[in-house]
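# Tertiary structure, described
Each chain, written out:
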Amino acid sequence: MRPGEAAVAFAGSPAEATPFVLFGPTHLATLALVVAAVVLLPAAGRRWPPAVQRRVAVGLALVLVVGRFVDTALRKLAFGVPIHDQLPLHLCGMLAFVCAWMLWRQSYATFEVAYCWTLAGATQAMLTPDLPVAFPHLGYLTFFANHALLVVAVAWAIGVWGFRPRPRSILVSWLSVNLYAALVAPINLLLDTNYLYLRRKPAGASLLDHFGPWPWYLVTLEVVALVLFALVYLPWWVVDRKDRA
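Read on for an overview of the structure.

What counts and what doesn't
Residues numbered from 1 in each chain as written. Predicted model: local features only at pLDDT ≥ 70, side-chain atom pairs only at ≥ 80, totals over all residues. Heavy atoms only, no water. Helix = DSSP H or I, 4+ residues; strand = E, 2+ residues; numbered from the N terminus. Rg over C-alpha atoms; globule rule 2.2 N^0.38 Å. Buried < 20%, exposed > 50% of the residue type's maximum accessible area, 1.4 Å probe, protein only. Areas by Shrake-Rupley, 256 points an atom, 1.4 Å probe, with all protein chains shown as cover. Lys, Arg positive; Asp, Glu negative; His and termini not counted. Charge placed at Lys NZ, Arg CZ, Asp CG, Glu CD. Salt bridge = Lys/Arg side-chain N within 4 Å of Asp/Glu carboxyl O. Axes fitted to C-alpha atoms, helices over the stretch in contact; angles between N-to-C directions. Parallel < 35°, antiparallel > 145°, perpendicular 65-115°, else oblique. Left-handed = near helix turned anticlockwise from the far one by under 90°. Contact = heavy atoms within 4.5 Å. Nonpolar A, V, L, I, M, F, W, Y, C, P; charged D, E, K, R; others polar. Polar contact = N/O pair within 3.5 Å; in protein donor to acceptor, adjacent residues only side chain to side chain. Core = buried A, V, L, I, M, F, W, Y, C linked by side-chain atoms within 4.5 Å.

## Digging into the overall build of the chain
Regarding its fold elements, the chain presents eight helices and zero strands. What you see in the chain, going N to C, is helices and strands ordered as α-α-α-α-α-α-α-α. Taking 18 Å as the expected radius of gyration for a compact globule of 245 residues, we find that the chain reaches 19 Å, a close match to that expectation. By principal-axis analysis of the C-alpha atoms, the chain measures approximately 60 × 45 × 30 Å. When burial is assessed residue by residue, the chain has 43% of its 245 residues classed as buried. With an accessible surface of roughly 12900 Å², the chain has 72% of that area assigned to carbon and sulfur atoms. Separation of charge centres in the chain, based on 18 positive and 11 negative side chains, amounts to 11 Å.

Shown next as structure tokens:
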């Protein structure tokens, strides 16, 4: 590697960095690390005193919020993406603030939405990222760190606080995401942006590629979102059935 190439690989433009390979060795290793963090941190947190649990939860909340601003600055400085295209209005961007509020306030009402949005949205984003660069680019690191922290936050609420979704959480989350989309749609028109992919599909591979052209993929996505929210609740339904048996 010639002098300067390491810096380019770490924080250069997408054209200069190693391209992302879906389900390549690095992607799979990253997903394994995310799973480890999701399992191990709440498992350890259950054994800590309440005061320590509170500090960790607040720390996670702050990291979530700061991470969104770091990601915005990186995309502006390294990728040259305009600020108006980097507002935290995609679902995972807004989820950072939703999860931060849940952690800060230990809010069950917020957890209901965060659970379905995160497991149906953030996990899918990590499985099929709209990402042009691979490790060790800073864009890759911040993308997976920010999304992984969302899942860790939800796992913390479940594993440490004993939160769990209820059947009504499916409908609450579905109505919430539709209300949020209705608020984002005029912003897209005003700024000529594509938050929530309401105006076109993402450039990279995603589930939307199988849902037909615009605007029909939005109709399909409504049904898929409801099904996904039901699926992420399904394990709890199974547990409840076994408990009643």
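That shown, we press on.
## Brief notes about the pattern of salt bridges
Throughout the structure, instances matching the rule amount to four salt bridges. Here Glu112 ties to Arg168 by a salt bridge, and the two come within 3.2 Å at their closest N and O atoms. Of this pair, Glu112 sits in helix α5 (residues 108–127) while Arg168 is found in helix α7 (residues 167–191), placing the two residues 56 residues apart along the sequence. Exposure remark for Glu112: the relative accessible area of 2% places this residue in the buried category. Its relative accessible area of 46% is what places Arg168 among the partly exposed residues. Between Arg199 and Asp192 there is a salt bridge, and its shortest N-O distance comes to 2.9 Å.

## Considering the packing of helix α3 (residues 50–77) against helix α4 (residues 91–105)
One way to put it is that α3 packs onto α4 with a least axis distance of 8 Å and a crossing angle of 160 degrees. Relative to α4, α3 is oriented roughly antiparallel. Along this stretch, α3 crosses α4, giving a crossing that reads as left-handed. Note on element contacts: α4 touches α3 through Cys92, Gly93, Ala96, Phe97, Cys99, Ala100, Leu103 and Trp104, opposite Arg54, Ala57, Val58, Leu60, Ala61, Leu62, Leu64, Val65 and Arg68. The class makeup of the residues in the contact of α3 with α4 is 14 nonpolar, one polar and two charged.

## As for the side chain of Thr128
If you trace the backbone, Thr128 turns up in the loop between α5 and α6 (138–159). By relative accessible area, Thr128 is classed as buried at 19%. Within the structure, the side chain of Thr128 is placed 2.5 Å from the side chain of Gln124, a separation counted as a polar contact.

## Here we look at the nonpolar core
Counting 57 residues, the largest nonpolar core has Cys99, Leu103, Trp117, Phe144, Leu150 and Trp161 as its most contacted members. Among the secondary structure elements, those contributing two or more residues to this core are α2 (25–45), α3, α4, α5, α6, α7 and α8 (216–244). Sort the elements by how many residues they give to this core and α6 lands first, with 13 residues. If we ignore the near neighbours within four places in the chain, the residues touching Phe144 are Phe20, His27, Thr30, Leu31, Met126, Pro129 and Leu131.

## A closer look at unusual backbone geometry
The peptide bond linking Phe135 to Pro136 adopts the cis configuration, its omega dihedral lying at 10 degrees. Positionally, Pro136 belongs in the loop between α5 and α6. With an omega dihedral of 0 degrees, the bond running from Trp214 to Pro215 counts as a cis peptide bond. Position of Pro215 relative to the elements: it lies in the loop between α7 and α8. Look at Phe23: it is not a glycine, yet its phi comes out positive at around 60 degrees. Mapping Phe23 onto the fold places it in the loop between α1 (5–11) and α2. Positive phi values are uncommon outside glycine, yet Gln106 reaches one of about 50 degrees.

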